[in-house]
Amino acid sequence: MLRWTQLLGFRPKHLATDSRPEANRTIRLLAITANDQFYSGLVDIAGSCGWEIRRASSVKEGLEVVRSLGMPLVLFDWDESGHDWRHGLNRLASAHCHPCVLLASRVADENMRQEVIRFHGYDVLPRSADRDQVVRKIQFAWFRSEERRVGKECRSRWSPYH
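The rules behind these values
- Residues numbered from 1 in each chain as written.
- Predicted model: local features only at pLDDT ≥ 70, side-chain atom pairs only at ≥ 80, totals over all residues.
- Heavy atoms only, no water.
- Salt bridge = Lys/Arg side-chain N within 4 Å of Asp/Glu carboxyl O.
- Helix = DSSP H or I, 4+ residues; strand = E, 2+ residues; numbered from the N terminus.
- Buried < 20%, exposed > 50% of the residue type's maximum accessible area, 1.4 Å probe, protein only.
- Phe/Tyr/Trp six-rings, centres within 6.5 Å; stacked < 30°, edge-to-face > 60°.
- Lys NZ or Arg CZ within 6 Å of the ring centre and 35° of its normal.

## Re the pattern of salt bridges
Moving on, step 1. Per the stated rule, a full pass over the model turns up 10 salt bridges.
Moving on, step 2. Of the charged contacts in the structure, one is a salt bridge between E52 and R28, with a shortest N-O distance of 3.7 Å. Taken as a pair, E52 in strand β2 (residues 52–56) and R28 in strand β1 (residues 28–32) lie far apart in primary sequence, 24 residues in all.
Moving on, step 3. Take E52: its relative accessible area is 26%, and that puts it in the partly exposed class.

## Considering the packing of aromatic side chains
Moving on, step 1. Taken as a whole, this structure holds 2 aromatic pairs when the rule is applied.
Moving on, step 2. Taking 6.3 Å as the distance between ring centres and 55° as the angle between the ring planes, the aromatic pair formed by W78 and W85 counts as tilted. The residues W78 and W85 share a single accessibility class, namely buried.
Moving on, step 3. Relative to F119, the ring of W85 has its centre 6.1 Å away and its plane inclined at 75°; by these criteria the two rings are edge-to-face. Residue W85 is found in helix α4 (residues 85–93), and its partner F119 is found in the loop between α5 (110–118) and β5 (123–126); the two are separated by 34 residues along the sequence. When sorted by exposure, W85 lands in the same class as F119, which is buried.
Moving on, step 4. The residue whose ring lies beneath R127 is F38, and the NZ or CZ to ring-centre distance is 4.4 Å.

## Overview of the environment of D109
Moving on, step 1. Along the chain, D109 falls in the loop between β4 (100–105) and α5.
Moving on, step 2. Residue class for D109 comes out partly exposed when judged on its relative accessible area of 38%.

Quick look at the structure:
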């Protein structure tokens with residue numbers, strides 16, 4: 001049970017006595033946004049939850065951060081300024097370390113969610129989401145990224161071609 005809570009970003013009461021490597025894994029999030037107010041809100045949430053957060057102002061800059069730091073979770077803020085979010089999402093999701101990508105959008109209906117999934121994203125985060133919704137979406141996306149990471153490790157370890 002303790003492992004599930006750690007993967008969701010909750011800290012154990014006695015972190016100093018927990019010596020397992022996964023106990024020290026912190027949610028690491030890259031926010032790709034040009035919106036200072038949106039990013040400020042994310043920084044507040046990340047600070048109160050003990051997450052690590054980085055910022056990029058473009059998909060190109062975000063790809064560099066993902067590649068250099070191996071960021072497993074990306075929140076891509078689509079500001080509807082005319083660029084196609086599908087292209088950016090596809091580029092991010094197909095980066096070398098295959099991060100889990102959430103799309104932040106004003107439009108957050110089932111059709112948008114299906115489109116995001118079709119372009120290899122994880123889910124849509126409504127721009128109007130309250131703090132609890134943001135925390136929940138990010139924690140579940142983090143959990144998925146950790147499942148994929150651990151699954152890849154297990155597959156490579158037990159591969160007959162290894």
